[in-house]
Amino acid sequence: MTDIPSAVPNSADTPSGQKAQTGQTMWGGRFSAKPAELMQAINVSIGFDKRLAAQDLAGSKAHAAMLAATGVISSADEAAIQDGLSQIDAEIASGTFPFREEFEDIHMNVEARLRELIGPAAGRLHTARSRNDQVALDFRLWVRDTCDRTAAQIMALQRALVAKAEPNADTLMPGFTHLQPAQPTTFGHHLMAYVEMFGRDASRFVDARQRMNECPLGAAALAGSPFPIDRFQTAKALGFDRPTANSLDSVAARDFALEALSAASICAVHLSRLAEEIVLWVTPQFGFIKLSDAFTTGSSIMPQKRNPDAAELVRAKVGRILGALTGLTVVMKGLPMTYSKDMQEDKEPVFQAFDSLDLALAAMTGMVADMEPVKDRMAAAAGSGYSTATDLADWLVRELNMPFRDAHHVTGAAVKRAEGLGLGLADLPLADLQTLEPRITDGVYAVLTPAASAASRRSYGGTAPDQVRSQIQRWKDLLA
């Protein structure tokens with residue numbers, strides 16, 4: 001999308017249908033021949049930027065209204081332009097709009113069709129604007145809309161997680177570090193950790209939207225416009241907080257897209273981590289959850305298989321999204337001010353990244369609602385690997401006033417003794433414990449069960465079921 005000069009002030013000077021008669025491009029006044037076929041192939045972008053049609057029409061309608069309000073064009077021309085743009089909108093909605101590669105992009109396709117519909121008045125629409133600020137506007141509007149939609153999708157996923165966590169606030173499971181059993185926790189607490197992560201993801205999109213909510217329309221090619229335009233009017237009409245303050249920055253900036261992709265990449269990483277856990281949890285070795293036929297597939301040769309393909313594909317989407325961020329960053333890193341044709345490469349990766357994120361969020365929301373914990377399997381695993389060892393150390397500190405490092409040493413010896421006997425800590429005879437520390441009493445056994453361990457973690461944000469329920473209620477209120 002290359003900038004073109006402002007429209008000829010008097011549209012009557014350019015006869016209707018001139019483009020069709022001469023076979024020249026819409027910017028053909030400077031050129032006497034068509035582009036080479038290869039040039040046309042590399043230059044055309046209508047195949048993907050037609051996704052900006054709604055934004056392009058909204059921007060054109062606001063621009064036309066402002067031009068009439070400031071006296072740059074007549075009210076009669078504005079009325080014709082508005083009617084023509086509405087007709088184009090209807091054609092696009094019905095699938096009858098004639099997208100044509102000869103007009104390169106969505107902007108020229110709309111302008112060409114507008115000329116066919118209303119004649120010379122169409123030529124006045126491009127007064128005081130360039131394709132440079134036009135595409136900057138359209139793309140910013142699209143990314144802004146996408147930030148809103150993505151934040152809403154993330155909140156839907158959070159609601160699904162909260163709904164699954166609530167009845168499982170006291171469902172025991174092992175907590176892991178290094179993928180080794182560490183301390184007992186609950187399934188509800190584990191799911192609520194992702195609610196927190198996705199909450200930060202949603203807030204990143206909200207923050208990014210706030211920063212990008214400045215309107216570049218009116219910056220024209222790069223230096224602003226000599227016409228008496230009102231950029232504050234168009235900014236307000238399009239839902240922006242204000243117009244951008246520097247015309248060069250207006251057409252050169254794509255950091256709004258980079259920031260949105262950054263937020264998308266972090267969100268995709270969080271989705272991938274949850275997807276990886278689902279893949280692990282459904283294995284026979286873990287057996288922590290079950291997924292229905294809705295989110296699993298079979299094998300063409302092994303009839304016993306139930307594969308968590310949906311989770312695996314969500315896990316893989318982070319590659320596409322992170323690749324889009326890297327790709328656009330590389331495109332932008334060496335560009336001087338202001339617009340260069342390189343920036344035509346900004347849209348496809350963003351479109352593809354958010355298509356992937358959209359699908360991943362929807363799939364994960366469905367899987368979370370679908371999965372069911374195997375509670376007895378989780379509870380059995382919660383006590384494996386001497387996961388209550390820290391509780392023994394804490395008891396020694398609390399009941400015997402032992403320094404924690406000494407308690408840690410005693411507990412390590414107790415684990416070694418239990419391991420040698422093939423017993424769990426809760427099954428280790430009191431006599432064996434007292435050989436390590438004579439002051440230990442049978443009261444220690446009250447803290448050596450996974451349920452007691454989880455229930456004792458009552459610090460704010462801890463895994464105790466009452467704390468988990470408190471956080472669940474907090475998020476239910478926030479997400480209401």
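Predicted, not measured: the structure shown is a model, and the values here were computed from it. (Residues numbered from 1 in each chain as written. Predicted model: local features only at pLDDT ≥ 70, side-chain atom pairs only at ≥ 80, totals over all residues. Heavy atoms only, no water.)

Please give an account of the overall build of the protein that cites residues and values.
In terms of regular secondary structure, the protein is built from 19 helices and six strands. Scaling as 2.2 N^0.38, a compact globule of 480 residues should have a C-alpha radius of gyration of about 23 Å, whereas the protein reaches 31 Å, well beyond that. Its C-alpha atoms put the protein at 105 × 55 × 40 Å along the principal axes. When each of the 480 residues of the protein is scored for burial, the buried share is 50%. A separation of at least 24 residues holds for 75% of the contacts in the protein among residues at least 6 apart in sequence. As presented, the protein carries roughly 21800 Å² of accessible surface, and 55% of it is formed by carbon and sulfur atoms. Positive and negative charge centroids in the protein, built from 47 and 56 side chains respectively, lie 1 Å apart. (Helix = DSSP H or I, 4+ residues; strand = E, 2+ residues; numbered from the N terminus. Rg over C-alpha atoms; globule rule 2.2 N^0.38 Å. Buried < 20%, exposed > 50% of the residue type's maximum accessible area, 1.4 Å probe, protein only. Contact = heavy atoms within 4.5 Å. Areas by Shrake-Rupley, 256 points an atom, 1.4 Å probe, with all protein chains shown as cover. Lys, Arg positive; Asp, Glu negative; His and termini not counted. Charge placed at Lys NZ, Arg CZ, Asp CG, Glu CD.)

So what about the pattern of salt bridges? Which residues, and what values?
According to the stated counting rule, one finds 25 salt bridges in the structure shown. Between Glu276 and Arg315 there is a salt bridge, with the nearest N and O atoms lying 2.4 Å from each other. Of this pair, Glu276 sits in helix α11 (residues 255-281) while Arg315 sits in helix α12 (residues 309-332); the two residues are 39 residues apart in sequence, bridging distant segments of the chain. Residue classification places Arg315 among the partly exposed positions, given a relative accessible area of 28%. One network of salt bridges, with partners in common, ties together Glu91, Arg100, Arg113 and Glu116. (Salt bridge = Lys/Arg side-chain N within 4 Å of Asp/Glu carboxyl O.)

Help me get a handle on the layout of surface pockets, residues and values and all.
Computed from the structure, the second largest pocket encloses a volume of approximately 440 Å³. Along the walls of the second largest pocket sit 22 residues, with Gly175, Phe176, Thr177, His190 and Glu277 positioned nearest its centre. Of all elements in the fold, only β1 (172-177), β2 (180-186), α8 (187-212) and α11 reach the threshold of two or more residues within the lining of the second largest pocket. Along the lines of polarity and charge, the residues of the lining of the second largest pocket split into 11 nonpolar, seven polar and four charged. (1 Å grid on protein atoms, 1.4 Å probe; cavity = no way out; pocket = protein on both sides within 12 Å on 5 of 7 lines; lining within 4 Å. Points joined across faces, edges and corners; volume = space filled by probe spheres on them. Nonpolar A, V, L, I, M, F, W, Y, C, P; charged D, E, K, R; others polar.)

An account of the pairing of β1 is needed here, citing residue identities and associated values.
Where β1 and β2 come together, six bridges link them in antiparallel fashion. Paired with Phe176 across the two strands is Pro181, which belongs to β2. Hairpin geometry of β1 and β2 is characterised by an intervening segment of two residues between the two adjacent antiparallel strands and by a positive phi of about 55 degrees at His178. (Pairing = 2+ DSSP bridges.)

Before we move on, can you summarise the nonpolar core with the specific residues and values?
In this structure, Leu271 and Met364 are the most contacted members of the largest nonpolar core, which totals 96 residues. If one sorts the elements of this core by residue count, α11 sits on top with 15 residues. Apart from the residues within four sequence positions on either side, Met364 is in contact with Leu157, Leu271, Leu274, Ala275, Ile278 and Val314. Among the nonpolar cores identified, the runner-up in size contains 19 residues, and Trp395, Ala414, Leu425 and Val444 belong to it. (Core = buried A, V, L, I, M, F, W, Y, C linked by side-chain atoms within 4.5 Å.)

Give a detailed account of the environment of Cys215, specifying residues and quantitative values.
By secondary structure assignment, the location of Cys215 is in strand β3 (residues 214-215). When its relative accessible area of 0% is taken as the criterion, Cys215 is described as buried. Spatially, the C-alpha atom of Cys215 lies 21 Å from that of Leu328, the residues being 113 residues apart in sequence.

I'd like a rundown of helix α19 (residues 465-479), residues and numbers included.
The terminal C-alpha atoms of α19, which comprises 15 residues, lie 21 Å apart, in line with the 21 Å expected from a rise of 1.5 Å per residue. All buried positions along α19 are accounted for by Pro465, Gln467, Val468, Gln471, Ile472, Trp475 and Leu479. The arc that holds the buried residues of α19, viewed along the axis, is 155 degrees, so those residues lie on one side. Buried residues in α19 make contact with α7 (131-165), β2, α8 and α18 (450-456). (Expected span 1.5 Å × (residues − 1). Arc of directions from axis to C-beta.)

Describe the confidence of the model for the protein, naming the residues involved and giving the relevant values.
Residues shown with low pLDDT carry predicted positions that ought not to be read at fine detail. Across the protein, pLDDT averages 91, with 92% of residues at or above 70. Of the regions scoring below 50 in pLDDT, residues 1-24 engages in 55 contacts with residues more than four places distant in sequence or in other chains. (pLDDT = per-residue confidence, 0-100.)

Could you give an account of the packing of aromatic side chains, with specific residues and numbers?
Under the definition given, this model contains 10 aromatic pairs. Centre to centre, the rings of Phe176 and Phe286 are 6.1 Å apart; their planes meet at 55 degrees, and the pair counts as tilted. In this pair, Phe176 sits in strand β1 while Phe286 sits in the loop between α11 and β5 (289-290), placing the two residues 110 residues apart along the sequence. Judged by relative accessible area, Phe176 falls into the partly exposed class, the value being 27%. The interplanar angle of 70 degrees and the centroid separation of 5.8 Å between the aromatic rings of Phe187 and Trp281 together place this pair among those described as edge-to-face. Remark: Trp281 occurs in helix α11 and Phe187 occurs in helix α8; sequence separation between them is 94 residues. Both residues of the pair, Phe187 and Trp281, belong to the buried class. (Phe/Tyr/Trp six-rings, centres within 6.5 Å; stacked < 30°, edge-to-face > 60°.)

Describe the side chain of His190, naming the residues involved and giving the relevant values.
Mapped onto the secondary structure, His190 falls in helix α8. When sequence neighbours within four positions are dropped, the list of residues in contact with His190 reads Met173, Glu277 and Trp281.

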